[in-house]
Amino acid sequence: MPIQQVIVPDIGGAEGAEVIELLVAVGDQVVLDQSLIVLESDKASMEIPATVAGTVVELLVAEGDQLAEGAAVAMIDVAEQVADAAPTPTPTPGESEATAASDAPSVDDVGAEQKASAVKEAPAAKETPVVETVSAASETPVLSVEVADEIYAGPAVRKLARELGVQLVRVDGTGPQGRVLKEDLQQFVRKVIREPVGAVTGGTGIPSVPETDFSKFGEVEVTPRTKLDKLTAINMHRSWVNVPHVTQFDEADITDLEEFRAGLKAEAEQRSTRITPLPFLLKACALALRDNPKINSSLARSGEDLVHKKYIHIGVAVDTPAGLMVPVIRDVDRKTIWELAHEVAELASRARDRKLLPAEMQGGCFTVSSLGNIGGNGFTPIVNTPEVAILGVSKTAIKPLWNGAEFAPRTMLPVALSYDHRVVNGGNGGRFLTRIVSLLGDIRQLSL
Ligand code: CAO
């Protein structure tokens with residue numbers, strides 16, 4: 001019978017990939033595509049498959065060897081009857097190790113047993129591709145999987161999965177045809193370890209995003225994220241996955257406010273400050289919070305109670321070179337527009353210089369995120385938990401507004417209110433936003 005050499009195929013240019021595991025020994029029978037060895041480069045681990053079915057007559061590598069594309073791996077005495085039965089796609093044969101008894105057989109073990117018999121009855125495998133099958137009809141399932149589900153993974157990965165107690169059905173495979181690779185398993189375990197206990201209470205959980213090697217597609221540069229960026233990401237993610245968000249949109253006619261503000265410029269200079277629409281917005285929010293106490297509350301952790309705050313502290317999102325910071329202005333309802341203007345400028349400047357104290361970023365009841373100076377006509381801000389609502393402010397535009405007799409040019413400010421729908425219902429949100437719009441449209445009310 002002809003003897004054929006198996007070589008390392010194209011492994012994406014990896015040089016010096018190390019042999020970390022031998023999956024077969026001399027004398028073993030192998031089927032087409034059965035993994036022979038596992039290579040690990042600095043980027044990935046990969047299993048090198050048999051290119052023919054037959055008997056391994058010589059292994060040309062040892063653990064620890066460094067291989068590149070074209071290196072000889074093994075000599076296989078080709079067995080015609082097995083080669084004929086070679087299944088496609090990528091089979092994952094189970095051998096003795098895959099069927100090793102465990103106290104509680106897992107879905108993987110069940111599949112491995114099925115494959116072990118598939119190897120023995122190789123000719124029949126042509127009709128039935130040799131892949132792991134999790135079936136509701138299986139006699140010893142440990143997962144309540146309702147549908148048949150194919151799992152592709154090599155023996156080394158299966159062995160590791162068994163050692164770690166991971167059911168492969170739960171791991172997203174990123175290899176060819178969804179094959180589960182060693183790094184998929186590692187990624188899965190890392191994710192599970194990071195997940196807070198009890199985070200997933202139902203449904204299917206949050207599927208992970210597979211890792212992408214962007215350098216495969218072009219030049220890339222990797223830079224470390226700032227601590228602040230990473231913290232913001234954690235907070236955003238926490239809010240996004242815990243809070244059912246609803247966002248309502250409106251526009252405030254701030255023509256009169258803008259006229260009034262223009263008239264304050266000289267006084268602002270005298271006071272060595274600037275006056276933007278933001279202090280007016282803060283004041284309007286404070287009054288609207290006072291009138292709508294539900295928006296000024298937080299959900300108790302148990303979910304049983306609402307915590308009503310008798311104070312009105314508002315956070316202001318500040319865009320800084322290091323990332324997003326949210327200093328909190330205390331007792332906004334008791335401060336004048338000048339005091340608020342001064343405090344916003346002072347806190348924003350210290351945020352940009354990274355001079356804020358932790359206490360100055362705590363205790364907020366509500367947040368205002370103004371992108372007005374940057375642009376856009378609307379966005380959906382993410383609630384800054386444990387607060388229950390946030391106001392997103394966009395750029396003003398002059399628009400024609402019907403005044404009952406004619407269209408008149410008015411300065412319109414787009415506002416968007418996102419809220420936690422576990423606490424705030426549409427009526428609460430609608431009344432609150434309408435109040436803000438009405439206060440901004442009639443600045444006389446702001447002083448009341
Ligand atoms: N429409 C049009 N112009 C606006 C505006 C609006 N809605 N809001 C502010 N402006 C104007 C200001 O009036 C000012 O112009 P003048 O000096 O001519 O009056 C100019 O834009 C610059 O304002 P500013 O940004 O310096 O001051 P501010 O009080 O409006 O905002 C601050 C302060 C700290 C909120 C802001 O600088 C900032 O960092 N915004 C970004 C917030 C952010 O990133 N949010 C997203 C969070 S989620 O990723």
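What counts as what
Residues numbered from 1 in each chain as written. Predicted model: local features only at pLDDT ≥ 70, side-chain atom pairs only at ≥ 80, totals over all residues. Heavy atoms only, no water. Pairing = 2+ DSSP bridges. Helix = DSSP H or I, 4+ residues; strand = E, 2+ residues; numbered from the N terminus. Near = heavy atom within 4 Å. Polar contact = N/O pair within 3.5 Å; in protein donor to acceptor, adjacent residues only side chain to side chain. Areas by Shrake-Rupley, 256 points an atom, 1.4 Å probe, with all protein chains shown as cover. Nonpolar A, V, L, I, M, F, W, Y, C, P; charged D, E, K, R; others polar. Salt bridge = Lys/Arg side-chain N within 4 Å of Asp/Glu carboxyl O. Buried < 20%, exposed > 50% of the residue type's maximum accessible area, 1.4 Å probe, protein only. Phe/Tyr/Trp six-rings, centres within 6.5 Å; stacked < 30°, edge-to-face > 60°. Core = buried A, V, L, I, M, F, W, Y, C linked by side-chain atoms within 4.5 Å. Axes fitted to C-alpha atoms, helices over the stretch in contact; angles between N-to-C directions. Parallel < 35°, antiparallel > 145°, perpendicular 65-115°, else oblique. Left-handed = near helix turned anticlockwise from the far one by under 90°. Contact = heavy atoms within 4.5 Å.

## Description of the sheet that holds strand S1 (residues 3-7)
Here's step 1: The strand order S1-S8-S6-S3 describes an open sheet built from 4 strands, whose pairing is antiparallel. On the outer flanks of this sheet lie S1 and strand S3 (29-30), each paired with one strand and no other.
Here's step 2: When S1 meets strand S8 (residues 72-78), the two strands line up antiparallel, connected through 5 bridges. Counterpart to glutamine 5 in the pairing with S8 is methionine 75.

## So, the site of the ligand
Here's step 1: Near the ligand you find 21 residues, and of these Arg274, Thr276, Ser369, Asn373 and Ser394 are the closest.
Here's step 2: At a separation of 2.9 Å, a nitrogen atom of the ligand approaches a polar backbone atom of serine 394.
Here's step 3: A distance of 3.0 Å separates a nitrogen atom of the ligand from a polar backbone atom of threonine 396.
Here's step 4: Protein contacts shield 75% of the accessible area of the ligand, which totals 970 Å² for the unbound molecule.
Here's step 5: When residues of the shell around the ligand are traced back to their parent elements, those giving at least two are strand S15 (318-320), helix H9 (337-352) and strand S18 (366-370).
Here's step 6: Residue composition of the shell around the ligand, by class: 9 nonpolar, 7 polar and 5 charged.

## Remarks on the pattern of salt bridges
Here's step 1: As enumerated under the stated definition, the model contains 13 salt bridges in all.
Here's step 2: Across the salt bridge formed by glutamate 258 and arginine 261, the nearest N and O atoms sit 2.7 Å from each other. Of this pair, glutamate 258 and arginine 261 are both found in helix H6 (residues 255-262), 3 residues apart, which corresponds to roughly one turn of the helix.
Here's step 3: Ionic pairing is found between glutamate 346 and arginine 350, a salt bridge with its closest N-O pair at 2.9 Å. Of the two residues, glutamate 346 and arginine 350 are both situated in helix H9; the distance of 4 residues between them amounts to about one turn of the helix.
Here's step 4: Relative accessible area serves as the criterion here: at 32%, glutamate 346 is assigned to the partly exposed category.

## With respect to the packing of aromatic side chains
Here's step 1: For the structure shown, the criterion picks out 3 aromatic pairs.
Here's step 2: Ring geometry for phenylalanine 260 and phenylalanine 280: centres 6.2 Å apart, planes at 75°, overall edge-to-face. Of the two residues, phenylalanine 260 is situated in helix H6 and phenylalanine 280 in helix H8 (residues 278-291); the sequence distance between them amounts to 20 residues.
Here's step 3: Between phenylalanine 366 and phenylalanine 432, the ring centres sit 5.4 Å apart and the planes meet at 70°, which makes this aromatic pair edge-to-face. Highlighted residues: phenylalanine 366 in strand S18 and phenylalanine 432 in helix H10 (residues 426-441), separated in sequence by 66 residues.
Here's step 4: A residue is classified by how much of its surface remains accessible, and phenylalanine 366, at 0% relative accessible area, is buried.
Here's step 5: Among the residues examined, phenylalanine 432 registers a relative accessible area of 0% and is labelled buried.

## What to know about the nonpolar core
Here's step 1: Residues Leu282, Ile314, Phe366, Leu391 and Leu440 are the most contacted members of the largest nonpolar core, which totals 55 residues.
Here's step 2: Those elements that provide at least two residues to this core are H8, strand S14 (314-316), H9, S18, strand S19 (389-393), strand S21 (407-420), H10 and helix H11 (443-446).
Here's step 3: Looking at this core element by element, the count peaks at 10 residues for H8.
Here's step 4: Among the nonpolar cores identified, the runner-up in size contains 22 residues, and Val8, Ile11, Val61 and Val73 belong to it.

## Digging into the packing of H8 against H10
Geometrically, a packed helix pair is captured by the angle between its two axes and the distance between the axes.
Here's step 1: Where H8 meets H10, the axes come as close as 9 Å, and the angle between the chain directions of the two elements is 135°. One way to sum up the angle between H8 and H10 is to call them oblique. Judged by the sense of rotation from one axis to the other, the crossing of H8 with H10 is right-handed. Along the contact surface, H8 presents Phe280, Leu281, Ala284, Cys285, Leu287, Ala288, Leu289 and Asp291, while H10 presents Phe432, Arg435, Ile436, Leu439 and Leu440.
Here's step 2: Taken together, the residues of the contact of H8 with H10 sort by class into 11 nonpolar, no polar and 2 charged.

## Description of the environment of proline 2
Here's step 1: Position of proline 2 among the secondary structure elements: in the segment before S1.
Here's step 2: Placed 74 residues apart in sequence, proline 2 and isoleucine 76 show a C-alpha to C-alpha distance of 8.4 Å.
Here's step 3: Residue contacts for proline 2: discarding those within four places in its chain leaves Ile76, Asp77 and Val78.

So, to be careful, I would describe these as geometric facts and stop short of saying anything about function.
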